[in-house]
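# Residue-level structure breakdown
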Amino acid sequence: MACGLVASNLNLKPGECLRVRGEVAPDAKSFVLNLGKDSNNLCLHFNPRFNAFGDANTIVCNSKDGGAWGAEHREPAFPFQPGSVVEVFFSFDQTDLTIKLPDGHEFKFPNRLNLEAINYVAADGDFKIKCLAFE
């Protein structure tokens, strides 16, 4: 995967929302959006997989604490299509991150690191970010 956008010093607070709009590559296999403190401390590793790592049309979520991965969570909803432009919304509080998908489906992932702010966002894989917005 090619290295994509990395943004730091964001200071996203609980209750605030990060909106990510981007374009999925026409031949997409997977892409990643990471949110957290830095690359070794991620409260959310969001990884839609079209056909990668033995998964097809599955969203895999995880966390990373001090460089160590946690237990994977697989979300069956998969509203992504190769070659499309999509928006995903992320918000969080002390206990959970809420992820709102392009089709309106929403799910929660635990805030395992108990982060009080999200300072780091990185995108990688078959996805080109067009807009990052804070709401």
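Residues numbered from 1 in each chain as written. Predicted model: local features only at pLDDT ≥ 70, side-chain atom pairs only at ≥ 80, totals over all residues. Heavy atoms only, no water.

- Named according to an unreviewed UniProt entry, the protein chain is Galectin originating from Ictidomys tridecemlineatus.

### Describing the overall build of the protein chain
- When helices and strands are tallied, the protein chain shows 0 helices and 12 strands.
- When its helices and strands are written in sequence order, the protein chain yields β-β-β-β-β-β-β-β-β-β-β-β.
- For a compact globule of 135 residues, the expected C-alpha radius of gyration is about 14 Å, and the protein chain comes in at 14 Å, within 12% of that figure.
- By its C-alpha atoms, the protein chain is 35 × 30 × 30 Å across when sized along the principal axes.
- Sorting the 135 residues of the protein chain into buried and exposed places 47% on the buried side.
- The contacts of the protein chain with a sequence gap of at least 6 include a subset with a gap of at least 24, amounting to 61%.
- Here the protein chain holds 13 positive side-chain charges and 17 negative ones, and the gap between their average locations is 3 Å. (Helix = DSSP H or I, 4+ residues; strand = E, 2+ residues; numbered from the N terminus. Rg over C-alpha atoms; globule rule 2.2 N^0.38 Å. Buried < 20%, exposed > 50% of the residue type's maximum accessible area, 1.4 Å probe, protein only. Contact = heavy atoms within 4.5 Å. Lys, Arg positive; Asp, Glu negative; His and termini not counted. Charge placed at Lys NZ, Arg CZ, Asp CG, Glu CD.)

### A look at the pairing of strand 2 (residues 17-24)
- The element strand 2 is largely enclosed, with a buried count of 6 among its 8 residues.
- Bridge analysis of strand 2 against strand 8 (residues 85-92) gives 7 bridges, and the strand direction is antiparallel. Among the inter-strand pairings, R21 is bridged to a residue of strand 8, identified as E87.
- As paired elements, strand 2 and strand 12 (residues 127-134) share 7 bridges and run antiparallel to each other. Looking at strand 12, one finds that R21 is bridged to C131. (Pairing = 2+ DSSP bridges.)

### Structural notes on the nonpolar core
- Core analysis: the biggest nonpolar cluster contains 33 residues, and L44, F46, F80, F90 and I99 have the highest contact counts within it.
- Where this core is concerned, the elements lending two or more residues are strand 2, strand 3 (31-38), strand 4 (41-52), strand 5 (55-65), strand 8, strand 9 (96-100), strand 10 (106-110) and strand 11 (118-125).
- Once residues within four sequence positions are removed from consideration, F90 is found in contact with E16, C17, L18, V20, L33, L35, L44, F46, T98 and I99. (Core = buried A, V, L, I, M, F, W, Y, C linked by side-chain atoms within 4.5 Å.)

### Re the UniProt feature "domain: Galectin" (unreviewed entry) in the protein chain
- What UniProt calls "domain: Galectin" (unreviewed entry) maps, in this numbering, to residues 4-135.
- Between the C-alpha atoms that bound residues 4-135 the distance is 23 Å, and the span itself is 0% helix and 66% strand. (UniProt positions renumbered as here; feature names shortened; annotations may be inferred.)

### Some details on the side chain of S84
- Within the fold, S84 resides in the loop between strand 7 (73-75) and strand 8.
- By relative accessible area, which is 18% here, S84 ends up buried.
- What S84 contacts, discounting residues up to four positions off in sequence, is G22, E23 and V24.

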